[in-house]
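The primary structure of each chain is shown beneath.
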Amino acid sequence: MAPKTGADTAGVPAETQMLLLEKTGNGVEDTVYALMLPVLDGDFRASLQGSPENELQFCFESGDPDVQTMDAVDAVFVNSGDNPFKLMKESIKILSKIKGTFSHIESKETPANLDWFGWCTWDAFYKAVNPVGIEEGLQSLREGGAPPRFLIIDDGWQQIVNEFKEVDGALLEETVFAERLVDLKENDKFRGEACKNLGDLVKKIKETHGVKYVYAWHALLGYWGGVCTSSDVMEKYNPKLVYPVQSPGDVANLRDVAMDSLEKYGVGIIDPEKIYEFYNDQHSYLSSVGVDGVKVDVQNVMETLGHGFGGRVALTRKYQHALEESIARNFKGNNLICCMSHSSDHIYSALKSAVARASEDFMPREPTLQTLHIANVAFNSLLLGEIFIPDWDMFQSKHETAEFHGAARALSGGGVYVSDKPGVHDFNVLKKLVLPDGSILRARYAGRPTRDCLFNDPVMDGKSLLKIWNLNNLSAAVGVFNCQGAGNWTWLVEEISHVPTAVNITGHLSPSDVESLEEITGDEWNGETAVYAFNSCSLSRLQKHQSLELSLVTMTCEIYTISPIQVYGGAVRFAPLGLLNMFNSGGALDSITGTVDSSATTVQIKCRGPGRFGAYSSARPALCRVDAHEVEFSHSDDGLLAFDLSDGPSHSSVRNIEILYTAS
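Predicted model only: the values in this text are computed from it and were never measured.

### A few points about the pairing of strand β14 (residues 293-297)
Alright, step 1. The buried fraction of β14 is high, at five of five residues.
Alright, step 2. Across the two faces of β14 the burial is the same, with G293, K295 and D297 and V294 and V296 all buried.
Alright, step 3. Relative to β14, strand β11 (residues 213-219) runs parallel, the two being bridged by five bridges. Directly across from A219, in β14, lies its bridge partner D297.
Alright, step 4. Summarising the sheet, β14 and strand β15 (residues 336-338) pair through three bridges and their orientation is parallel. Within the sheet, the bridge partner assigned to V296 lies in β15 and is C338.
Alright, step 5. In this view, the connection linking β14 to its parallel neighbour β15 by way of helix α9 (residues 312-330) has right-handed handedness.

Written out as structure tokens, the structure reads:
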């Protein structure tokens, strides 16, 4: 799923799953938004599309010629309001109650691994992942000061077979996506000298490297090409070979090499009546060897397999709910990442699934896809973020775009993990995301574009910056990204090579860019904020509707921490910023209180550390204490108060800060 903007109905692409309209008036207060969500209606799935006659149509399909209807009763949900973010939230909550087939994210259990730094094996090894490489990667990250507490063993650990090497002279590259699963246990790479078996490896990495959560990858149908129908192990699941049929809407947008391969070579599908048994067997085995959860990929294949199974909606729902029940039975904490799951069949069948990938893969070897990735995940999170915690995917810390990607991940509200090759890391980037104990500073919501960016094209219009907002406990964050000049939305320029150009763009940043700022301000706030720019280390004071100007060149960004200024003791204006050395500085702040007596005003803050603590303070304090110990501090003319939070007894434990102002 990817965004598109436009001004007429004819430009609405086939397979549109969300349509947001803006009608502007004389001012912000006169602007009205309309939301259209094509949804699931019985055994049918709706999508929107424009026509050459400038009409808006909805397409209704079951994916099975034997499943037909003449009635579309609840196919498109329409709602309106003056706040697009509240409109999205309210609409998804209403829909979840009406349909009963999915749940809003607020009612789902959040997997605990999201608050810890992770490492995924995919871009480090691809399918060549092996026990020695896994240990080397964990060790090099740990020794550099960014210890992963969360590991994904991605594609490459399973027993698979390619049955097509000699068939019709087909090239191996054509059949790679049609490889099939033959067994539920690990392959020979994970049974040898380096480790006795998968359980031995998991035990070792948890004990030696301090990993808390280990996930294993598998496809929704076992593997890309499903399961091997002639496998003795798979026989109990009644598998059969079927051939996907792609929706005309999908192929109208973009051909997909994986789906084209499966369409040609077929998929080994498990009997829907046996799918829970398959998942339960797979997950109970993984759980028995110490694996804590799974990343389930290739979920999009279900929308092509509905014929003969009652249609795509019924089949997807059967698989999705069986998957969720198996996760609940075999793993603690709802430990599931859904991947390639953007079709509305999956979105509106997610009763328990709490985490979903928000875009196409991070592709380190594709320079023109880097800016697309950031824009894609932010816009997709408008819809996905109401049903899932969006996963903005891994990135690599030693990459020309590492700062760009790292800053975005800090604002995502989701997990932060990399796919570095062992020993190939940039710890200057990683330490802006990861505390020494391996925890991260995760923001409160899904990161989404600011309201003034919703109807701009931040990749191709040549003039718009992308701003992404989020909230923390005591402050907000807005990241500003220049995504122009470095790539094109792929389906618009097929077969045309893109030559990146550097574009300098000027824009504006305002505290009003943050939605729901009132959640953290308190009733007596007068609208004044402290605004700290991460890269330029500059501090400004702005009223809520004031703005500052900034300029960025292509593939650069700036993150602003926006903290409401509160008044303590009638005289001290104060706003905590958090850890100034971290992308999401305010994510370190837990709470703030103030006490006043006849002799002094004391501001008390709970903040995670270590790091460089910063705050706006209108006056120079008499002293600062951390865990009851006085510390040296600096206080500059712009009001920036700063001091170090050194390593505590448990590294990133919450530190108790006291800032004392004496009466003049």
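Still more ground to cover, so stick around.
### Remarks on the packing of aromatic side chains
Alright, step 1. What the rule picks out here adds up to 19 aromatic pairs.
Alright, step 2. Aromatic pair F177 and W224: ring centres 5.0 Å apart, planes at 65°, arrangement edge-to-face. With F177 in the loop between α4 (172-175) and β10 (180-186) and W224 in the loop between β11 and β12 (240-242), this pair connects stretches of sequence that are 47 residues apart.
Alright, step 3. Classification of W224 by relative accessible area gives buried; the value is 13%.
Alright, step 4. Consider the rings of W217 and Y223, whose centres lie 5.6 Å apart with planes at 75°: the pair is edge-to-face.
Alright, step 5. Look at W217 and you get buried, because its relative accessible area is 1%.
Alright, step 6. Overall, the relative accessible area of 1% leaves Y223 in the buried class.
Alright, step 7. Aromatic ring contacts, followed pair by pair, group Y237, F278, Y279 and Y319 into a single cluster.
Alright, step 8. One cation-aromatic arrangement involves K108 over F388; the distance from NZ or CZ to the ring centre is 4.7 Å.
Alright, step 9. In this structure, K212 is placed above the aromatic ring of W116, and the distance from its NZ or CZ to the ring centre is 4.7 Å.

### Overview of the nonpolar core
Alright, step 1. Ranked by size, the top nonpolar core spans 142 residues in total, and within it I134, L198, F278, Y319, Y348 and F481 carry the most contacts.
Alright, step 2. When residues of this core are assigned to their parent elements, the largest contribution, nine residues, is made by helix α11 (residues 370-384).
Alright, step 3. Discounting residues that sit within four places of it in the chain, I134 has contacts with W119, T121, F125, V129, L151, I153, F190, L201 and I205.
Alright, step 4. V572, L579, C607 and Y661 belong to the second largest nonpolar core, which has 23 residues in total.

Criteria and cut-off values
Residues numbered from 1 in each chain as written. Predicted model: local features only at pLDDT ≥ 70, side-chain atom pairs only at ≥ 80, totals over all residues. Heavy atoms only, no water. Buried < 20%, exposed > 50% of the residue type's maximum accessible area, 1.4 Å probe, protein only. Helix = DSSP H or I, 4+ residues; strand = E, 2+ residues; numbered from the N terminus. Pairing = 2+ DSSP bridges. Right-handed = clockwise from strand over helix to strand, strands pointing away. Phe/Tyr/Trp six-rings, centres within 6.5 Å; stacked < 30°, edge-to-face > 60°. Lys NZ or Arg CZ within 6 Å of the ring centre and 35° of its normal. Core = buried A, V, L, I, M, F, W, Y, C linked by side-chain atoms within 4.5 Å. Contact = heavy atoms within 4.5 Å.

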